[in-house]
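Report on the structure
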Amino acid sequence: MTADLQKELSLTFALRQQNVERLSELVQAVSDPGSPRYGKYLTLEDVAELVRPSPLTFRTVQKWLLAAGAQNCHSVTTRDFLTCWLSVRQAELLLSGAEFHRYVGGPGEIHVIRSPRPYQLPKALAPHVDFVGGLHRFPPTSSLRQRPEPQVSGTVGLHLGVTPSVIRQRYNLTAQDVGSGTTNNSQACAQFLEQYFHDSDLAEFMRLFGGNFAHQASVARVVGQQGRGRAGIEASLDVEYLMSAGANISTWVYSSPGRHESQEPFLQWLLVLSNESALPHVHTVSYGDDEDSLSSAYIQRVNTEFMKAAARGLTLLFASGDSGAGCWSVSGRHQFRPSFPASSPYVTTVGGTSFQNPFRVTNEIVDYISGGGFSNVFPQPSYQEEAVAQFLSSSPHVPPSSYFNASGRAYPDVAALSDGYWVVSNSVPIPWVSGTSASTPVFGGLLSLINEHRILSGRPPLGFLNPRLYKQRGAGLFDVTHGCHESCLNEEVQGQGFCSGPGWDPVTGWGTPNFPALLKTLINP
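Residues numbered from 1 in each chain as written. Predicted model: local features only at pLDDT ≥ 70, side-chain atom pairs only at ≥ 80, totals over all residues. Heavy atoms only, no water.

As a reminder, the rule being used: UniProt positions are given in the numbering used here, feature names are shortened, and annotations may be inferred rather than shown by experiment.
You'll find the chain entered in an unreviewed UniProt entry as Tripeptidyl-peptidase 1, with Felis catus given as the organism. Taken from UniProt, the Subunit (unreviewed entry) comment for the chain reads in full: "Monomer. Interacts with CLN5. Interacts with CLN3."

1. Concerning the pairing of strand 3 (residues 81–87)
Keep this limit in mind: Under the scheme applied here, a residue whose accessible area is under 20% of the maximum for its type counts as buried, over 50% as exposed, and between as partly exposed, the area being computed with a 1.4 Å probe on protein chains only. Only DSSP runs of H or I covering at least 4 residues are called helices, and only runs of E covering at least 2 are called strands; the numbering of each starts at the N terminus. A pair of strands is labelled paired if DSSP reports no fewer than 2 bridges between them.
The buried fraction of strand 3 amounts to six of the seven residues, a majority that puts the element mostly inside the structure. Where strand 1 (residues 8–15) lies against strand 3, seven bridges are found, and the strand directions are antiparallel. From the neighbouring strand, T12 faces strand 3, where its bridge partner is T83. When strand 2 (residues 71–75) meets strand 3, the two strands line up antiparallel, connected through three bridges. Note that in strand 3 the partner of Q71 across the bridge is W85. Count of turn residues in the strand 2/strand 3 antiparallel hairpin: five residues, of which R79 carries a positive phi of about 60°.

2. Some remarks on the state of the cysteines
Filter applied, for reference: Here, the term disulfide refers to a pair of cysteine sulfur atoms separated by no more than 2.5 Å.
With the rule as written, the count across this model stands at three disulfides. At a sulfur-sulfur separation of 2.2 Å, the disulfide partner of C73 is C84. Residues C73 and C84 are joined by a disulfide whose S-S torsion is about 115°; by sign, that bridge is right-handed. Taken as a pair, C73 in strand 2 and C84 in strand 3 lie far apart in primary sequence, 11 residues in all. Each disulfide pairs two cysteine sulfurs, and for C484 the partner residue is C499, the sulfurs being separated by 2.1 Å. Its torsion about the S-S bond being 100°, the disulfide of C484 and C499 is classed as right-handed.

3. Concerning the UniProt feature "binding site: Ca(2+)" (unreviewed entry) in the chain
For clarity, the threshold we go by: Whether two residues touch is decided by their heavy atoms; if any such pair falls within 4.5 Å, the residues are in contact.
Per the UniProt record, the feature "binding site: Ca(2+)" (unreviewed entry) sits at D479, V480, G503 and D505. Separation in sequence by 27 residues is not matched in space for these annotated residues, since their most distant C-alpha atoms are only 9.7 Å apart. Assignment of secondary structure puts D479 in the loop between strand 24 (477–478) and strand 25 (484–486). Ignoring sequence-local partners within four residues, the contact set of D479 consists of G501, P502, G503 and W510. Its place among the elements puts D505 in the loop between strand 26 (496–499) and strand 27 (512–513). The exposure class assigned to D505 is buried, which follows from its relative accessible area of 0%.

4. Focus: the packing of aromatic side chains
Put simply, the test is: Ring geometry is summarised as follows: Phe, Tyr and Trp rings, the Trp one being its six-membered ring, pair when their centres sit within 6.5 Å, and such pairs are stacked at plane angles under 30 degrees, edge-to-face over 60 and tilted between the two. In this scheme, Lys NZ or Arg CZ marks a charge over a ring once it lies within 6 Å of the ring centre and within 35 degrees of the ring normal.
On inspection of all chains with the given rule, the structure shows 27 aromatic pairs. On the basis of an interplanar angle of 40° and a centroid distance of 6.0 Å, the ring pair of Y346 and F464 is categorised as tilted. Of this pair, Y346 sits in the loop between strand 16 (339–340) and strand 17 (348–355) while F464 is found in the loop between helix 11 (436–456) and helix 12 (466–471), placing the two residues 118 residues apart along the sequence. One aromatic cluster is present, formed by F266, W269, Y287, F306, F318, F340 and F378 through successive ring pairs. It is R79 that lies over the ring of F58; its NZ or CZ is 3.9 Å from the centre. The ring of F81 has R301 lying over it, and the distance from NZ or CZ to the ring centre is 4.4 Å.

5. Here we look at helix 6 (residues 199–209)
Rules: Arc definition: directions from the helix axis to the C-beta atoms.
When helix 6 is considered as a whole, its buried residues turn out to be D201, L202, F205, M206 and F209. Along the axis of helix 6, the buried positions cluster into a sector of 130°, meaning they face one direction only.

6. Points about the pattern of salt bridges
So the rule is basically this: Every case where a carboxyl oxygen of Asp or Glu lies within 4 Å of a side-chain nitrogen of Lys or Arg is listed as a salt bridge.
Within this structure, the stated rule accounts for 15 salt bridges. E25 is paired through a salt bridge with R22; the nearest N and O atoms lie 3.3 Å apart. Here E25 pairs with R22, and both are found in helix 1 (residues 20–31), just three residues apart, close to one helical turn. What makes R22 partly exposed here is its relative accessible area of 39%. One salt bridge connects K471 with D32, and the closest N-O pair in it is separated by 2.8 Å. Placement of the pair is K471 in helix 12 and D32 in the loop between helix 1 and helix 2 (44–51), with a sequence separation of 439 residues. Taken together, the shared-partner salt bridges connect R16, D80, D130, R301, E305 and K308 into one network.

7. Description of the side chain of R454
Using the following cut-off: The charge count treats Lys and Arg as positive and Asp and Glu as negative. His and the chain ends do not count.
Of note, R454 is situated in helix 11. The charged side chain of R454 is buried without a salt bridge, its nearest counter-charge being E452 at 11 Å. Excluding residues within four positions of it along the chain, R454 makes contact with Y38, R459, P460, P461, L462, R468, L522, I523, N524 and P525.

8. Digging into the sheet that holds strand 3
As a reminder, the rule being used: Comment: axis = line fitted to C-alpha atoms, over the contacting stretch for helices; angle = value between 0 and 180 degrees taken between N-to-C directions.
Strand order in this open sheet of four strands is 2-3-1-6, and the pairing throughout is antiparallel. Only two strands of the sheet have a single partner each, and these edge strands are strand 2 and strand 6 (129–133). If you compare each strand with its neighbour and ignore which way they point, the axes differ by 20° on average. Its contacts with the sheet place helix 9 (residues 296–311) against strand 1, strand 3 and strand 6, and it is angled at close to 100° to strand 6.

9. Focus on the sheet that holds strand 7 (residues 145–146)
Taken together, three strands build an open sheet; the order of strands is 7-23-22 and the sheet is antiparallel. Each edge of the open sheet carries a strand with a single partner, namely strand 7 and strand 22 (421–425). Judged from the two bridges that link them, strand 7 and strand 23 (residues 428–434) form a sheet pairing that is antiparallel. Bridging across to strand 23, R145 finds its partner in S434.

10. Topic: unusual backbone geometry
Cis geometry marks the peptide bond from F340 to P341, where omega comes out at 5°. Take P341: it is sitting in the loop between strand 16 and strand 17. Here the amide bond leading from Y411 into P412 is cis, since omega sits at 5°, within 30 degrees of zero. Within the secondary structure, P412 is located in the loop between strand 20 (408–411) and strand 21 (414–417). The residue S427 is not glycine, and still its phi comes out positive at about 70°. For S427, the position within the fold is in the loop between strand 22 and strand 23. Backbone geometry places W432, a non-glycine residue, at a positive phi of 60°. Assignment of secondary structure puts W432 in strand 23.

Here it is, written out as structure tokens:
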């Protein structure tokens, strides 16, 4: 239905940044172990100095907004976003073509205000604004699934699903592999679904499953609104496994429900990153969208936001997605369908695996849902060219070349178990929960433990991991070499996407963590 013209909207204007090329050179310098600047990260203030829009841009946009009647405009430290309140009528006059409607949908009957039609910026403004946020994009939905329980015969030495102790056993953690409680190390997960986690669920989860390792039973800090609603499985899963893999490390949760109905949660999180000078070192995010559903301006700008985080030494981990290679039809021809932010060259993307025997802690094979493939937007970063070339030339099962862009950024970079987890949500233990939303916090928690060692020995945190990961050719990881993920159900590929093999592959990346070996390879400079 058409939105009430008096209704207030919060819109975010992404202002054109300066020196983006220089920023990308600095990311390279601070993230490449071979560089003299390795680990010498920038502060938020340094980043602001670099990318802050020109005074002309800032003045032009501000003047335009004030003339349109915008109220309460506020910016961030880096000055490259401006968020203002406008009525629907003012916004429609300001952005020609936009037409706001109220939508109600999703599991929690979410109310959002969006414009189904594209907007145009006045000519004089186009060079100063990358995009306007809070117009088109709907809140994401979760792809987490609860799978049917596998059938089992004989029960000696079996585990009945993945719990913290199964993860700690598989990835070779000892009871000593926990945070020391003496550093200012911290980790975070960010949630953009209309979901909450409950402290009481976390406490119950740790009571049931946290008995054999030191841990924290509550979250150190919640940034954003935590409503009073029912807990969501995704929100519970993220927190419970980040805090049991990265055990005894201070944990923040970025939560965005309870927001105003015109705000876009993912964008709100990026604004917080650009406005806080002290942030957790590792962020795990279980969120993704089809790359083709986003405008190029939006994707490029969000990618620059990830560059800003990388320059500051933040490790951003994104789930690779739960649809394998994906599939969509472009003018009658099938193609794989990459996911973003998984496809950004400035984040570390985590795929998913299953146990070869679902009831034993055995070696891992591909979880067929594990998202992976090649970006249609971002060219292949230099750090991965060699690994990708080797995969394409040696894999016996490469799909036809018309299905993917072989010169694009390839993902994932790493993987972890994504199948058959136990989660406590709304006080109830729930079995067989699966998705790369499970593998991502697990990998993140282990990186936090490695940061703990680095900080204790006076070294900087790991920061943006990919250049180092590829240079070390996956040292410290278990290589996953069996299995393929899903894709288009047609004659030509018959539901099969890429297949894993020795070394890096676009299904499980370099593989899953062997903690002591990974610590050894990542502890020094």
